[in-house]
Amino acid sequence: MAAKKTILIIEQELNLANGLKAILEKEGYAVVTDAYYLHPGNAKSDQAPDLAILDIYMPQEFGLNILRKIKSDYPSLPVIAMSVYSHSLSRDEIKRFGGDDFIIKPFEVEYLKKKIEELLATNQRT
């Protein structure tokens with residue numbers, strides 16, 4: 001049996017983080033939540049995650065800085081960036097900073113699950 005894939009959720013809004021955690025655990029993923037990213041290996045987990053979901057607008061530190069830290073620590077880790085502010089960043093800008101996709105909040109859960117599956121499958125092949 002294959003090991004569960006681990007998803008790190010970096011989200012300041014506790015209700016959203018917990019809701020995503022419950023949904024993704026039901027899908028069979030191991031989920032680690034962290035309101036403020038320090039280092040994926042330190043985020044209440046013994047190993048690096050297989051994918052990260054990152055809120056770009058965090059109160060303590062701007063999400064693009066967090067994205068840079070993640071990509072510095074784990075260059076091949078897929079990252080899905082999220083924001084309610086669709087006008088301030090584009091998918092292309094997120095990709096320039098190393099993000100793999102950009103989702104505008106609110107979003108359809110099925111769309112997010114599809115993106116996660118696609119990124120994990122792509123990352124597994126590389």
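Since we're looking at a predicted model, the values are computed, not measured.

Each value, and the rule that gives it
- Residues numbered from 1 in each chain as written.
- Predicted model: local features only at pLDDT ≥ 70, side-chain atom pairs only at ≥ 80, totals over all residues.
- Heavy atoms only, no water.
- Pairing = 2+ DSSP bridges.
- Helix = DSSP H or I, 4+ residues; strand = E, 2+ residues; numbered from the N terminus.
- Axes fitted to C-alpha atoms, helices over the stretch in contact; angles between N-to-C directions.
- Contact = heavy atoms within 4.5 Å.
- Buried < 20%, exposed > 50% of the residue type's maximum accessible area, 1.4 Å probe, protein only.
- Arc of directions from axis to C-beta.
- Polar contact = N/O pair within 3.5 Å; in protein donor to acceptor, adjacent residues only side chain to side chain.
- Salt bridge = Lys/Arg side-chain N within 4 Å of Asp/Glu carboxyl O.

With that settled, consider the sheet that holds strand E3 (residues 51–55). Taken in spatial order, the five strands line up as E2-E1-E3-E4-E5 in an open sheet, and their pairing is parallel. Only two strands of the sheet have a single partner each, and these edge strands are strand E2 (30–34) and strand E5 (101–104). Taking each pair of neighbouring strands and ignoring which way they run, the sheet shows an average axis angle of 20 degrees. Contacts from helix H2 (residues 63–73) reach strand E1 (6–10), E3 and strand E4 (79–83), with the element oriented near 165 degrees to E3.

Attention shifts here to H2. Given 3.6 residues per turn, any residue in an α-helix points the same way as the ones three and four places further on. Buried residues of H2: Gly63, Leu64, Ile66, Leu67, Ile70 and Lys71, and no others. Along H2, the residues classed as buried sweep out an arc of 155 degrees about the axis, all on the same side. As for H2, its buried residues are in contact with E1, E3, E4 and helix H3 (91–96).

In this section: the side chain of Lys71. Relative to the elements of secondary structure, Lys71 occurs in helix H2. Among the polar contacts made by the side chain of Lys71, one reaches the main-chain carbonyl oxygen of Pro75 at a distance of 3.3 Å. A polar side-chain atom of Lys71 sits 3.3 Å from the main-chain carbonyl oxygen of Gly98. Setting aside its immediate chain neighbours within four residues, Lys71 contacts Ser76, Leu77, Pro78, Val79, Phe97, Gly98 and Asp100.

Here we come to the pattern of salt bridges. The full count for this structure, using the stated rule, is nine salt bridges. With a shortest N-O distance of 3.2 Å, Lys115 and Asp101 are connected by a salt bridge. Of this pair, Lys115 sits in helix H4 (residues 109–125) while Asp101 sits in strand E5, and the two are 14 residues apart along the sequence. Each member of the pair Lys115 and Asp101 is classed as buried. The shortest N-O distance in the salt bridge between Glu118 and Lys114 comes to 4.0 Å. In this pair, Glu118 and Lys114 both sit in helix H4, four residues apart, roughly one turn of the helix. On the basis of relative accessibility, which here comes to 32%, the residue Glu118 falls in the partly exposed class. Given a relative accessible area of 48%, Lys114 falls into the partly exposed group. Residues participating in the shared-partner salt-bridge network are Asp101, Lys114, Lys115 and Glu118.

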